[in-house]
Amino acid sequence: MDTVSPIQDALFEARPVIPDDIGFRGPIASRAAGITYRQLDYWARTGLVVPEIRPAEGSGTQRLYSFRDILMLKVVKKLLDAGITLQQIRVAITHLRRRGVEDLTSVTLMSDGVSVYECTSDNEVIDLLRGGQGMFAIALGGVWKDIEGTLASLPTQQAEQQMDELAPRRLAKIAV
């Protein structure tokens, strides 16, 4: 299966209110995005939405998802709810990453149930609707605010450096 770069950074130039080093564990991220933990795990393992703060690095490590990661999870969920296949969603997300959209809050994703379209101006919306196909829209700015509100009341975890068994010795040597 074709995996995508784990960095969602290129999609979100605007900085969220939540600091970059604040992460959310899998159960919190899945709850905020409205998906199951199983979906979250599958999407991370297949590279659709990989946690940018701390990916899984073996048995016992817990992923930490950023605000932007959770926003992407919510967008994927909304596209699935609209009937878009996961394969089509992967193509759409890959396109947005490659295109390097600077501020996704100004982008609206649209679909006729077969394909996903990007709309960045009123003219594009009008042109798309003239085709006569029924479409839906996801205003990413609204999703952004929704996720921000949901996460404000949920527990967070500070990102910390991974320590191996020799780390305390190295730190002790530096302190001397």
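Mapped onto the elements of the fold, R45 is located in helix α2 (residues 37-45). Considered as a pair, R45 and A56 are 11 residues apart in the sequence and their alpha carbons are 8.9 Å apart.

Mean pLDDT over the protein chain stands at 76; residues scoring 70 or higher make up 72%. Contacts for the low-pLDDT stretch residues 1-10, under 50 throughout, to residues beyond four places or in other chains number 26 contacts. In this model residues 126-132 is a low-confidence stretch, pLDDT under 50, and it forms 4 contacts with partners more than four residues away in sequence or in other chains.

With respect to the secondary-structure elements, A82 resides in the loop between α3 (67-81) and α4 (86-99). Distance in space between the C-alpha atoms of A82 and I138 is 10.0 Å, their sequence separation being 56 residues.

Further remarks concern the nonpolar core. In this structure, I70, L73, L79 and L151 are the most contacted members of the largest nonpolar core, which totals 36 residues. Where this core is concerned, the elements lending two or more residues are β1 (22-25), α1 (26-33), α2, α3, α4 and α6 (140-152). The leading source of residues in this core is α3, at 8 residues.

Using the criterion set out here, one finds 1 aromatic pair in the structure. Residues F67 and W144 carry aromatic rings whose centres are separated by 4.9 Å and whose planes lie at 70 degrees to one another, so their mutual orientation is edge-to-face. Residue F67 is found in helix α3, and its partner W144 is found in helix α6; the two are separated by 77 residues along the sequence. Residue F67 is classed as buried on the basis of its relative accessible area of 2%.

To summarise the sheet geometry, strands pair through backbone hydrogen bonds and adopt either a parallel or an antiparallel arrangement. Ordered by their spatial adjacency, 3 strands build an open sheet running β2-β1-β6, and the pairing between neighbours is antiparallel. Strand pairing shows two members of the sheet lacking a second neighbour, β2 (64-65) and β6 (157-158), which therefore form its edges. Both β1 and β6 contribute to a ladder of 2 bridges, which runs antiparallel. Paired with G23 across the strands is Q157, a residue of β6. Here α1 sits on the sheet in contact with β1 and β2, set at roughly 85 degrees to β1.

Moving on: the pattern of salt bridges. Tallying each qualifying case throughout the model produces 5 salt bridges. For the salt bridge of R45 with D41, the shortest nitrogen-to-oxygen distance reads 2.9 Å. Of the two residues, R45 and D41 are both situated in helix α2; the distance of 4 residues between them amounts to about one turn of the helix. One salt bridge in this structure joins E52 and R68, with 2.9 Å as the shortest N-O distance. Remark: R68 occurs in helix α3 and E52 occurs in the loop between α2 and β2; sequence separation between them is 16 residues.

Here we come to the packing of α1 against α3. At their nearest, the axes of α1 and α3 sit 8 Å apart, and the two run at 45 degrees to each other. What the angle tells us is that α1 and α3 run oblique. Seen along the crossing, α1 lies across α3 with a hand that is right-handed. In this structure, α1 uses A29, A32 and A33 to contact α3, whose residues at the interface are I70, L73, K74 and K77. Of the residues assigned to the contact of α1 with α3, the class counts are 5 nonpolar, no polar and 2 charged.

The rules behind the values
Residues numbered from 1 in each chain as written. Predicted model: local features only at pLDDT ≥ 70, side-chain atom pairs only at ≥ 80, totals over all residues. Heavy atoms only, no water. Helix = DSSP H or I, 4+ residues; strand = E, 2+ residues; numbered from the N terminus. pLDDT = per-residue confidence, 0-100. Contact = heavy atoms within 4.5 Å. Core = buried A, V, L, I, M, F, W, Y, C linked by side-chain atoms within 4.5 Å. Buried < 20%, exposed > 50% of the residue type's maximum accessible area, 1.4 Å probe, protein only. Phe/Tyr/Trp six-rings, centres within 6.5 Å; stacked < 30°, edge-to-face > 60°. Pairing = 2+ DSSP bridges. Axes fitted to C-alpha atoms, helices over the stretch in contact; angles between N-to-C directions. Salt bridge = Lys/Arg side-chain N within 4 Å of Asp/Glu carboxyl O. Parallel < 35°, antiparallel > 145°, perpendicular 65-115°, else oblique. Left-handed = near helix turned anticlockwise from the far one by under 90°. Nonpolar A, V, L, I, M, F, W, Y, C, P; charged D, E, K, R; others polar.

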